[in-house]
Amino acid sequence: MITVDSINTRLFRDIALNTLQVLVNQVLGVFIFLLLSRSLDKDIYGELNWSLAVLTLITTILSLRLEQIVVRNVAAGKDPSAMLTLFLAHNAVTGLIFLGGLLAASFLFPAFFHRHYILWILSISQLLTFFSLPFRQLATGQSAFGWLTAISTVSNIIRCGWIGWLAAFSAITLPRVLIIFILSAGVEFILGGYIVVRKLKVPFSTRQNFATYQQLIKESLPQVGLVFLNAGIARIDWILMGFLSTRVHTAEYSFAYRAYEFSPLPLLILAPFLLNSFSRYFSGPGSGSALTGGPAHTPAPAWLGLFVRLSAIFATLLPLWGMLLWAPLVDLLTHHKYGQVNNLTFLLLSVCIPFQYLINICWSAEFAANRLGRIFAITAVTAVIVVAGDCLLIPAYGGQGAAMAYLVSMIVQYGLYSRISIFAAARKEWPWQMFMAIAIAAASGEGALLLTDSVPLQLGIATVLYALLTWGSGRLGEKTLPRLRQHLGQRQRHPLYPIPGKMAGK
């Protein structure tokens, strides 16, 4: 018999495991990131990051964002074996076609590939990671976060250990880094296949044919344009920096942006739970009004209000710490390469984080409710703002211009999501929660800077002020976390939120 306690135990165990894999990957990623930026010249580091941005854009487009479809379908109870087989076959075919096209292009445009010589070699590593994607998404959809931890961390563990050994006993050079990337990606692919097939007992299905693949692609067709736009938003600024600015400026901006990507840690932890939770919520009986794209009268899950409140705290407190630490810590770690020079750039990017939290909540709900047309329209507007802003601001302001364009796009994106959201609270309550948190963080940081020049004291004072203001405004109380856990546990009794593996009404 499934009880509230067993649901809670499983939920918090899954959260703990997913938190572990995110934390491990973040720590290892930061270590690799710092070693490479510290050891490689800015020209080489800028070219490496530019090549990664180009390849990430291409592989994201090639995936057609099937990873989200697979997670949604597996979480909703569809055949995981079919999803694995179809997704892996898709990635293998499209990846090999891309490799052939890249080989042909290297003969047709030798001057371009002579200038961007890293692109060809790095593509092998990126394709191996691309081939591993179905295994990670299968584990995510099945909420097998322990195995997901093993698959997602093995590559970073190898890279971290090997690059760390080179830093301590030899030298970090570009050829060695490229070899490490390729071999570690290969190990991730092999381990992912072993875990999914042997441990999760999800074999490859021989019953799948082209018709079933067409059906999967049909599900993704509404978001084909969305895939291209999202991929562009994520990396187009890096790519344009490479064309409109210098390698040095590209290195500086890509460093600040990578640090920004490491910042929203709780968002990375909770994102899989949001998509899984909303997918089950909207697959239950009675959710038809949302699925047909009707007005925002769909009742929100009981836990969502508290989730938004806690998200606002995480989305502002961690960036507050990051801004106070940024210049002194980064200059110390990188021999004064990327700290003070990126102060304003990192500040502008950090302001994007609160909006990212809200966008992720709205996007997850819209995607789970299959309202892809609305997501596409909003993403198209966002992409236009990013590209236009980059082309206008990068030549004059470099990385700071790219960061400003990105911030404006994030603000506009959330404004559009709030207007069409399934949940009415997205227009009224959620923005107020987030703006209050931003104001508290800004006041706490300014107060700490005015009171002392000591960085440790600034951190302590800012944290105390933030906690006092948050508590005094009633945004966080001693019962907040227990109430969130209680609401999450009540999902088994919610008529629109069936327990995975248990039919509603039975």
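See the structure above.
Residues numbered from 1 in each chain as written. Predicted model: local features only at pLDDT ≥ 70, side-chain atom pairs only at ≥ 80, totals over all residues. Heavy atoms only, no water.

As for the overall build of the protein chain
Here is the rule we go by: The helix count covers DSSP runs of H or I at least four residues long, the strand count covers runs of E at least two residues long, and both are numbered beginning at the N terminus. Relative accessibility thresholds used throughout: buried, under 20% of the residue-type maximum; exposed, over 50%; partly exposed, between the two (1.4 Å probe, protein chains only). By definition in these notes, contact holds between two residues if any of their heavy atoms fall within 4.5 Å. Working definition of accessibility: Shrake-Rupley area with a 1.4 Å probe, residue cover restricted to the visible protein chains.
Looking only at helices and strands, the protein chain features 20 helices and zero strands. Within the protein chain, buried positions represent 54% of all 506 residues. If you take every contact in the protein chain between residues at least 6 apart in sequence, the share linking residues at least 24 apart comes to 83%. Summing over all exposed atoms, the protein chain offers an accessible surface of approximately 21900 Å²; the carbon and sulfur share of this is 69%.

Topic: helix α8 (residues 174–199)
Our working definition: Expected helix span is taken as 1.5 Å per residue step, with the number of steps being one fewer than the number of residues.
For α8, which comprises 26 residues, the first-to-last C-alpha distance of 36 Å matches the rise-based estimate of 38 Å (1.5 Å per residue) to within 8%. Where α8 terminates, the next one or two residues include K201, which has phi positive at roughly 60°.

Brief notes about a nonpolar patch on the surface
Where we set the bar: Patch definition: residues with relative accessible area over 30% and no salt bridge; like charges joined within 9 Å; nonpolar side chains (Val, Leu, Ile, Met, Phe, Trp, Tyr) joined within 5 Å. We count a salt bridge whenever a side-chain nitrogen from Lys or Arg sits within 4 Å of a carboxyl oxygen from Asp or Glu.
On the surface, a cluster of nonpolar side chains totalling about 520 Å² of accessible area is made up of L108, F109, F112, F243 and L244. A residue is classified by how much of its surface remains accessible, and L108, at 64% relative accessible area, is exposed.

Notes on unusual backbone geometry
Peptide bonds are, in most cases, trans, and in most cases residues other than glycine have a negative phi. Not every positive phi belongs to a glycine, and H335 is a case in point at roughly 60°. Examined against the element boundaries, H335 turns out to sit in the loop between α14 (304–333) and α15 (343–368). Of note, the phi angle at H336 is positive, near 65°, even though the residue is not glycine. Position of H336 relative to the elements: it lies in the loop between α14 and α15. By relative accessible area, H336 is classed as exposed at 65%.

Here we look at the packing of helix α2 (residues 42–63) against helix α6 (residues 118–141)
Convention followed: In this description, a line fitted to the C-alpha atoms serves as the axis of each element, helices being fitted only across the stretch in contact, and the angle between N-to-C directions of two axes falls anywhere from 0 to 180 degrees. Any angle that is under 35 degrees is reported as roughly parallel, and any over 145 degrees as roughly antiparallel; angles of 65 to 115 degrees are reported as roughly perpendicular and all others as oblique. Helix crossings get a hand from a simple test, with the near helix turned counterclockwise from the far one by less than a right angle marking a left-handed crossing and a clockwise turn marking a right-handed one. The nonpolar class holds Ala, Val, Leu, Ile, Met, Phe, Trp, Tyr, Cys and Pro. Asp, Glu, Lys and Arg form the charged class, and all remaining residues, Gly among them, are polar.
Contact geometry for α2 and α6: axes closest at 9 Å, N-to-C directions at 45°. When the axis of α2 is compared with that of α6, the two are oblique. Here the hand of the crossing between α2 and α6 comes out right-handed. Contacts between α2 and α6 pair I44, E47, L48, S51, L52, V54, L55, T56, T59, L62 and S63 from the former with I118, L119, L122, S123, Q126 and F130 from the latter. Its residues assigned to classes, the contact of α2 with α6 comprises 10 nonpolar, six polar and one charged.

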